[in-house]
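Remarks on the overall topology
If you want the building blocks of each chain, they are given just below.
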Amino acid sequence: MDVTVTEGRGASMPEGLDLKEHPHRRLNLLTGEWVLVSPHRTKRPWQGQVEKVVQPVAESYDPQCYLCPGNMRAGGLQNPDYTSTFVFDNDFAALLPQSSTARVNEENLLVAEGESGVCRVICFSPRHDLTLARLGQPALEAVIDMWCEQYLELGSRPDIGYVQIFENRGVMMGASNPHPHGQIWATRSLPNEILKEQAAQAAWWARRQETLLTAYLRVELERAERIVCANQHFVSLAPFWALWPFETMVVSRRAVGSMPDMTAEERSALAAILLETVTRYDNLFEVSFPYSMGFHQSPTDGQPHPEWHFHGHFYPPLLRSATVRKFMVGYEMLGTPQRDITPELAAARLREVSATHYLDRAG
Ligand code: H2U
Ligand code: ZN
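Here the residue numbers are simple positions, counted from 1 along each chain's written sequence. Note on labels: chains are lettered from A, ligands numbered from 1, in written order. Two thresholds apply to this predicted model, a pLDDT of at least 70 for residue-level local features and 80 or more for giving and counting side-chain atom pairs, whereas whole-chain, interface and lining totals are computed over all residues. Hydrogens are left out, water is left out, and the side-chain values use all remaining heavy atoms of the structure.

1. Description of the site of ligand 1
For clarity, the cut-off: One heavy atom within 4 Å of a molecule or strand is enough for the residue carrying it to be called near that molecule or strand. For this analysis, a polar contact is any N or O atom pair within 3.5 Å, provided that within protein one partner can donate a hydrogen and the other can accept it, and provided that sequence-adjacent residues contribute only side-chain to side-chain pairs. Classification convention: Asp, Glu, Lys, Arg as charged; Ala, Val, Leu, Ile, Met, Phe, Trp, Tyr, Cys, Pro as nonpolar; all other residues, Gly among them, as polar.
In the vicinity of ligand 1, 14 residues are found, and the nearest of them are Ala74, Asn90, Asp91, Ser176 and His181. A distance of 2.6 Å separates an oxygen atom of ligand 1 from a polar side-chain atom of histidine 181. Classifying every residue of the shell around ligand 1 gives six nonpolar, six polar and two charged.

2. Concerning the confidence of the model for the chain
As a reminder, the rule being used: Per-residue confidence from the predictor is reported as pLDDT, which spans 0 to 100. Whether two residues are in contact is decided by their heavy atoms: any pair within 4.5 Å suffices.
Averaged over all residues, the pLDDT of the chain equals 92, while 94% of them reach at least 70. Segment residues 1-11: pLDDT under 50, and 16 contacts once partners within four positions in sequence are set aside and those in other chains are kept.

3. Here we look at the domain arrangement of the chain
Where we set the bar: Boundary definitions for the domains trace back to an automatic or database domain assignment. Buried area, as used here, totals the accessible surface that two parts lose on assembly, with accessibility defined by a 1.4 Å probe and the loss added over both. The term salt bridge refers to a side-chain nitrogen of Lys or Arg lying within 4 Å of a carboxyl oxygen of Asp or Glu. Counting from the N terminus, the helices are DSSP H or I runs at least four residues long and the strands are E runs at least two residues long.
Domain annotation of the chain identifies domain 1 (24-52 + 190-360) and domain 2 (86-187). Computed from C-alpha atoms alone, the centre-to-centre distance between domain 1 and domain 2 is 20 Å. Taken residue by residue, the interface counts 39 residues in domain 1 and 29 residues in domain 2. Together domain 1 and domain 2 conceal approximately 2900 Å² of surface at their shared face, both sides included; 62% is due to carbon and sulfur atoms. When residues of domain 1 are sorted by the area they lose upon contact with domain 2, Leu275, Tyr291 and Thr300 head the list and together hold 22% of the total. At the boundary of domain 1 and domain 2, one finds two salt bridges. Linking aspartate 145 and arginine 267 is a salt bridge whose minimum nitrogen-to-oxygen distance equals 3.1 Å. Summed over the shared surface of domain 1 and domain 2, the result is 17 residue pairs in polar contact (both at pLDDT 80 or more). At the level of elements, α4 (264-285) and β12 (291-296) are the ones that each hand at least two residues to the side of domain 1 that touches domain 2.

Dropping the structure here:
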């Protein structure tokens, strides 16, 4: 897909397209889907819903929390007195390992398939009051080690084709509890997003013997305008096709398929880039920044996946302040997702804020 870009403001439509000014659509290379960008629209007034400002919780232990060490869970089981990370099978799992995998097909009109899988909950820390942004490097490295173990354990099972690791952060994203935790859903079949990314990456690889994200990262590093932060092994950037206002993607510089394929140094650099990304998020509006995040890694379906390039997605809902969020409704449900603020502006905002957490700054 060729996109002609005209730099600067001078160009008048329809001959030139100024991505800073003119309505346009951008192609998501990973999914093959378009996103509508309306940069001229950022000044529209807002009289809609105002969200509550969420600050990190104060207590390091909450006797009512079902994730704190030693506490009773809603499912009736008691948590151990864990001191680092803690993983357990979700008491209200959306998937069950023993489900039938039979197919139903009535006249090619009513098509269904049994789905089996495993759902787990991961506590990142025994401390109730910490978020990913407040964990610190050693604790986050322990979380990464645990993500690796889970990916290997679940992924090695013949009935698991994909291991999705993710975190919902904040009430705005539907997180049920402020205690720092994430989830794993491991399924027999490949989830929708993975199928799309799989097809795009495989097509690119077949033609070029280079991963799609290796090529994409090269262009982004040359242009620099969408880079949020970077270290020796990872880059955090606002993707050209970002859909959420402050969406970012964390991409490994080396084309590794999954976390366990990373060297110890790379894993430690992954912890550092994740910490910096979420710290910059918190600093944007000086609140505990809500998001859904997760990692896209090689499927564990027993096939070779040279095309897969590890990356993480952060999808935060906040738009212009701590209290105004983006809704994916109307045209976005019925037509195409749309954004106002450009990814270039969002990346600049995230670069401008400090890499030191606002709660750690004196004064
Ligand atoms: P979220 O905050 O992202 O919703 O994750 C919490 C998960 O924890 C949720 O899937 C599970 C819920 O089913 N859970 C338990 O397994 N046991 C409990 O005691 C409460 C919540
Ligand atoms: Zn707790």
